[in-house]
Amino acid sequence: MLFSFSYSFSQMQDLGGQEEGGSSEFQDLSEPEKKLEIKQKADGSLERPKDHDEAMKYYKDKYYDELEGVYFEDLWNAVISALSDQGCELMTKVQKTNDEGFLKGVMKSEFCVFVNDETTFDALRLYSVKMPVIRGGIWVNGRIQYKIILEEINEGEGTSILVTGELSGSEENVTNEVHFWASNGWFETDLLYRIKKKVGR
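Residues numbered from 1 in each chain as written. Predicted model: local features only at pLDDT ≥ 70, side-chain atom pairs only at ≥ 80, totals over all residues. Heavy atoms only, no water.

A.B. asks: Sorry, what's going on with the environment of Phe 187 here?
C.D. replies: Along the polypeptide, Phe 187 turns up in helix H4 (residues 186-198). Looking at Phe 187, the relative accessible area reads 6%, which means it is buried. When the C-alpha atoms of Phe 187 and Glu 166 are compared, they prove to be 9.4 Å apart, with 21 residues separating the residues in sequence. The contacts of Phe 187, once residues within four sequence positions are left out, are Gln 86, Phe 114, Tyr 127, Ile 144, Tyr 146 and Leu 167. (Helix = DSSP H or I, 4+ residues; strand = E, 2+ residues; numbered from the N terminus. Buried < 20%, exposed > 50% of the residue type's maximum accessible area, 1.4 Å probe, protein only. Contact = heavy atoms within 4.5 Å.)

Listed below in structure tokens is the structure:
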């Protein structure tokens, strides 16, 4: 079962392939606004985008929602469960109260590997806004790390959630380093939708 949602986004051109050589640079590819559908499965997860243009429909300034009637601890547990479903565990999690006595929580995931085979370059390109282009580089894995901030709102009768993510990948032929850059929002949106599904939203 699929649910369709329409969003407006900045369409991005597909990133070019790897080139020979030894230097690195970033490609920043943006074009005019276009509307495409977001397809959500019954479990709240999103269909994998078929190409980079489609993936860019998830790109926006922030991935945030305010969930009325959802208590902090229920949302906290939903985040942990949604990450576990993805095979991704938490690296840190902290809860504290603000000056008004309401809860705030900050959670950071491990570096969650989503690809480590011959499709790594294509997968990294698919989910990137600005992918580092390393001429002659060989990418051996792709990872996403999440940061999630929860805050009680409306006198504790609801909870807000903010999800951010950062892509990274290991390049072993030219730089022999791990590189970090911005995701185009597909992973953040997918996680947010799956969390909301777990609390009935």
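A.B. asks: Quick question: what am I supposed to make of the nonpolar core here?
C.D. replies: One broad rule of soluble globular proteins: the nonpolar side chains tend to lie buried together. Counting residues in each nonpolar core, the largest one holds 39 residues, and the members touching the most others are Ile 148, Leu 150 and Ile 161. Contributions of two or more residues to this core are made by strand E4 (63-68), helix H2 (72-85), helix H3 (120-126), strand E9 (139-153), strand E10 (158-171) and H4. Among the elements that make up this core, the one with the highest residue count is H2 (7 residues). Setting aside residues no more than four positions away along its own chain, Ile 148 makes contact with Val 79, Leu 83, Gly 105, Val 106, Met 107, Ile 161, Leu 162, Val 163 and Leu 191. (Core = buried A, V, L, I, M, F, W, Y, C linked by side-chain atoms within 4.5 Å.)

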